[in-house]
Amino acid sequence: MNVADSEIKTLLDSYKKITVYGLSNDPSKPSHYVPAYIRDKGWEVVGTYPKEHTVGEFTIYKTLKEVPKEDRKFIDVFRSSDKIPEVIDEILSLGGTEVVWLQLGISHPEAEKKAEAAGLRVVSNRCLIIEHRNYF
């Protein structure tokens, strides 16, 4: 993680459009209710999920490649830690991303270093709801 605690509020203030990688169709899962919370707080949220769904009335794309480049600047990732290297590789291959946020319980130091070396801001093992409540 190359974003200091003191930079979290500024980071969240700087981006009002977020792509959620793995936005679930199950409202009881964090990968659904965290994006819903953030949307309700004023952020524009789109998501990726391999199966089509309309739960929560989000715009959902099957793959990250389908997400418009301007919507991929801040990517909030809900994938298991062991999948993070392939997620980072996908993000880097597509370009246009500035921030990768790995949700609470998700981290992969080697993949994070790769993203940081490519110039991305990386936050890991942090929940957007908790961080939002800390600063707003």
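Refer to the structure above for everything that follows.
Computed from a prediction, not measured in an experiment: that's the story for all the values here. (Residues numbered from 1 in each chain as written. Predicted model: local features only at pLDDT ≥ 70, side-chain atom pairs only at ≥ 80, totals over all residues. Heavy atoms only, no water.)

Considering unusual backbone geometry
Here comes step 1: Phi at E57 takes a positive value of approximately 55°, unusual for a residue other than glycine.
Here comes step 2: Looking at where E57 falls in the secondary structure, it is placed in the loop between β2 (44-48) and β3 (59-61).
Here comes step 3: A relative accessible area of 75% means that E57 is categorised as exposed.
Here comes step 4: At N125, a residue that is not glycine, the phi angle is positive and equals roughly 55°.
Here comes step 5: Among the structural elements, N125 can be located in the loop between β6 (121-123) and α5 (128-135). (Helix = DSSP H or I, 4+ residues; strand = E, 2+ residues; numbered from the N terminus. Buried < 20%, exposed > 50% of the residue type's maximum accessible area, 1.4 Å probe, protein only.)

Brief notes about the pattern of salt bridges
Close approach of charged atoms lets side chains of opposite charge pair.
Here comes step 1: Within the structure shown, the criterion is met by nine salt bridges.
Here comes step 2: One salt bridge connects E52 with K62, and the closest N-O pair in it is separated by 3.9 Å. A residue pair is termed long-range when its members are at least 10 positions apart, and E52 in the loop between β2 and β3 and K62 in the loop between β3 and β4 (74-77) qualify at 10 residues.
Here comes step 3: With relative accessibility at 67%, the residue E52 sits in the exposed group.
Here comes step 4: K114 serves as the salt-bridge partner of D89, at 2.5 Å between the closest nitrogen and oxygen. Of the two residues, D89 is situated in helix α3 (residues 84-94) and K114 in helix α4 (residues 109-117); the sequence distance between them amounts to 25 residues.
Here comes step 5: Looking at D89, the relative accessible area reads 36%, which means it is partly exposed.
Here comes step 6: When salt bridges that share partners are traced, they join D5, R126 and E131 into one network. (Salt bridge = Lys/Arg side-chain N within 4 Å of Asp/Glu carboxyl O.)

Examining the packing of α3 against α4
Here comes step 1: Relative orientation of the contacting elements α3 and α4 amounts to 15°, with a least axis distance of 8 Å. Put simply, α3 runs roughly parallel to α4. In this structure, the crossing between α3 and α4 has a hand that is left-handed. Contact residues: α3 offers I84, P85, I88, D89 and L92, while α4 offers A111, K114 and A115.
Here comes step 2: The residue inventory of the contact of α3 with α4, partitioned by class, reads six nonpolar, no polar and two charged. (Axes fitted to C-alpha atoms, helices over the stretch in contact; angles between N-to-C directions. Parallel < 35°, antiparallel > 145°, perpendicular 65-115°, else oblique. Left-handed = near helix turned anticlockwise from the far one by under 90°. Contact = heavy atoms within 4.5 Å. Nonpolar A, V, L, I, M, F, W, Y, C, P; charged D, E, K, R; others polar.)

Points about α5
Here comes step 1: Turning to α5, its buried residues are L128, I129, E131 and H132. For α5, the angular spread of buried residues about the axis comes to 165°, placing them on one side. Opposite the buried face of α5, by more than 90 degrees, sit the exposed residues R133 and N134. (Arc of directions from axis to C-beta.)

Topic: the nonpolar core
Here comes step 1: Residues L11, F74, W101 and L128 are the most contacted members of the largest nonpolar core, which totals 23 residues.
Here comes step 2: Counting only elements with at least two residues in this core, the list comes to α1 (8-14), β1 (17-21), α2 (30-40), β5 (99-102) and α5.
Here comes step 3: Element by element, the count of residues in this core is highest for α2, at four residues.
Here comes step 4: Not counting residues within four places of it along the chain, the set of residues in contact with W101 comprises I8, L11, L12, F74, I75, D76, V77, V123, R126, C127, L128 and E131.
Here comes step 5: Ranked by size, the runner-up nonpolar core spans 18 residues in total, among them I75, V77, L102 and V122. (Core = buried A, V, L, I, M, F, W, Y, C linked by side-chain atoms within 4.5 Å.)

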